[in-house]
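# Structural description and commentary
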Amino acid sequence: GNSDGSIPFDVVMELEAGDADADYDAVQILADKIGNISGGCANCKVRCSGISLIDPTVQLLGLSYAACLKTDRDDGLFTTVVCTRSGEALGLVYSSKESVVAALECGRGVYYSRSRNGLWRKGDTSGHFQTLHRIDVDCDGDALRFTVTQRGDDVAAFCHLNTLTCWGEPRGLRHLEETLRKRLKDAPVGSYTKRLFDDEELLRDKLVEEAQELSEAQTKEDIAGELADVIYFAMVRAAKAGVSIDDAAAELDRRARKV
């Protein structure tokens, strides 16, 4: 490859003139060229910075991305961590070159099932599908991270045990969010959260009151307590409006890019 890591002119031309209907083997050969140029992407962010894909098909994009990965597994699969937009790990799965392409094609979480020996489109059977937002490769170039929003008509569950994560029920903010969603649908008699859902003026007053108390708190303990109160009332407001933690995380990411 070129010393600056850029893709040679003849390969750029081949990409630009590529046939969108080229067969899989032809696209794979081209993707492997890109992988060879990148040097296996041991230092992907530096060495691949000059590689350009001009009007690539989804298949070429996915295979080219996978060609920059490495694996020491005999089956050629890539260890894949599936996370929420807030960075919470939902579970550990495996990806193949073909599953990466399939995920990009449909915008969903698609992986490789070792037990079925084939593609696993998460949710096709259970209904617990995923909206795919992002794919990242780790610093060593041998593992993937899929950032998704977990869906489900009955419950947003990644695990086959019907929990959000493969490590059991969530804690912290995610646990609070799920509790609020349940209260919104079916709250017990006397529920304070239900009162907040039903009384917009009460909810607004509590938000303002707790924000004021947070601004006036002095000790670490008091600030933590007041912050917890503000988060609770803010999340009640969000839950009523159908806004999730992941929605807020996505907005923060968008704002970070403008700084």
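Note that the coordinates shown come from a computational prediction; the quantities given were computed from them, not determined experimentally.

### Focus: helix H8 (residues 200-216)
The first and last C-alpha atoms of H8 sit 25 Å apart over 17 residues, in line with the 24 Å expected at 1.5 Å per residue. Of all the residues in H8, the buried ones are Leu 202, Leu 203, Lys 206 and Glu 210. Around the axis of H8, the buried residues are gathered within 95° of arc, so they sit on the same side. Projecting away from the buried face of H8 at angles above 90 degrees are the exposed residues Glu 200, Val 208 and Ser 215. In this fold, the buried residues of H8 make contact with helix H7 (192-198) and helix H9 (220-241).

### Thoughts on the nonpolar core
Counting 17 residues, the largest nonpolar core has Val 82, Leu 90, Tyr 111, Leu 132, Leu 144, Phe 146 and Val 148 as its most contacted members. Secondary-structure elements contributing two or more residues to this core are strand E1 (78-83), strand E2 (89-95), helix H5 (97-106), strand E3 (110-113), strand E5 (130-137) and strand E6 (143-150). Leu 202, Leu 203, Met 235 and Ala 239 belong to the second-largest nonpolar core, a separate cluster that totals eleven residues.

### Considering the pairing of E3
Where E3 meets strand E4 (residues 118-121), four bridges bridge the pair, whose relative direction is antiparallel. Of the residues in E4, the one forming a bridge with Tyr 112 is Leu 119.

### Observations concerning the environment of Thr 79
With respect to the helices and strands, Thr 79 occurs in strand E1. Thr 79 sits 66 residues away from Arg 145 along the chain, and the two C-alpha atoms are 8.6 Å apart. Residues within four places of Thr 79 in sequence aside, it is in contact with Leu 92, Val 93, Tyr 94, Asp 142, Ala 143 and Leu 144.

### Some points on the sheet that holds E2
Ordered in space as E2-E1-E6-E5, the four strands form an open sheet in which the pairing is mixed. Where the open sheet ends on each side, the last strands, each with one partner, are E2 and E5. The mean angle between the axes of side-by-side strands here comes to 25°, regardless of whether they run parallel or antiparallel. Bridge count between E5 and E6: seven bridges; the pairing is antiparallel. Opposite Val 137, over in E6, you have Leu 144 as the bridge partner.

### Details of the side chain of Thr 84
Structurally, the position occupied by Thr 84 is in the loop between E1 and E2. A polar side-chain atom of Thr 84 sits 2.9 Å from a polar atom in the side chain of Glu 88.

### Considering the confidence of the model for the protein chain
For the protein chain, mean pLDDT is 82; residues scoring 70 or higher make up 78% of the total. Taken as a whole, residues 1-21 scores under 50 in pLDDT and shows 30 contacts with residues more than four places along the chain or in a different chain. Note on residues 40-49: pLDDT under 50 across the span, and 13 contacts to partners over four residues away in sequence or across chains.

### So, the packing of aromatic side chains
Considering all chains together, one arrives at four aromatic pairs under this definition. Measuring from ring centre to ring centre gives 4.9 Å for Tyr 232 and Phe 233, while their planes differ by 65°; the resulting arrangement is edge-to-face. For the pair shown, Tyr 232 and Phe 233 are each scored as buried. Put simply, the rings of Tyr 111, Trp 120 and Phe 146 touch in pairs and so form one group of aromatic residues.

### Re helix H10 (residues 245-256)
Between its terminal C-alpha atoms H10 stretches 16 Å, which fits the 16 Å expected from twelve residues at 1.5 Å a residue. For H10, the complete set of buried residues consists of Ile 245, Asp 246, Ala 249 and Ala 250. Angularly, the buried residues of H10 cover 135° about the axis, an arc narrow enough to put them on a single face. The inward-facing, buried residues of H10 contact E6, helix H6 (172-185) and H9. The backbone nitrogen of Asp 246 lies 3.3 Å from a side-chain oxygen of the residue at the head of H10, namely Ser 244.

What counts, and at which threshold
Residues numbered from 1 in each chain as written. Predicted model: local features only at pLDDT ≥ 70, side-chain atom pairs only at ≥ 80, totals over all residues. Heavy atoms only, no water. Helix = DSSP H or I, 4+ residues; strand = E, 2+ residues; numbered from the N terminus. Expected span 1.5 Å × (residues − 1). Buried < 20%, exposed > 50% of the residue type's maximum accessible area, 1.4 Å probe, protein only. Arc of directions from axis to C-beta. Contact = heavy atoms within 4.5 Å. Core = buried A, V, L, I, M, F, W, Y, C linked by side-chain atoms within 4.5 Å. Pairing = 2+ DSSP bridges. Axes fitted to C-alpha atoms, helices over the stretch in contact; angles between N-to-C directions. Polar contact = N/O pair within 3.5 Å; in protein donor to acceptor, adjacent residues only side chain to side chain. pLDDT = per-residue confidence, 0-100. Phe/Tyr/Trp six-rings, centres within 6.5 Å; stacked < 30°, edge-to-face > 60°.

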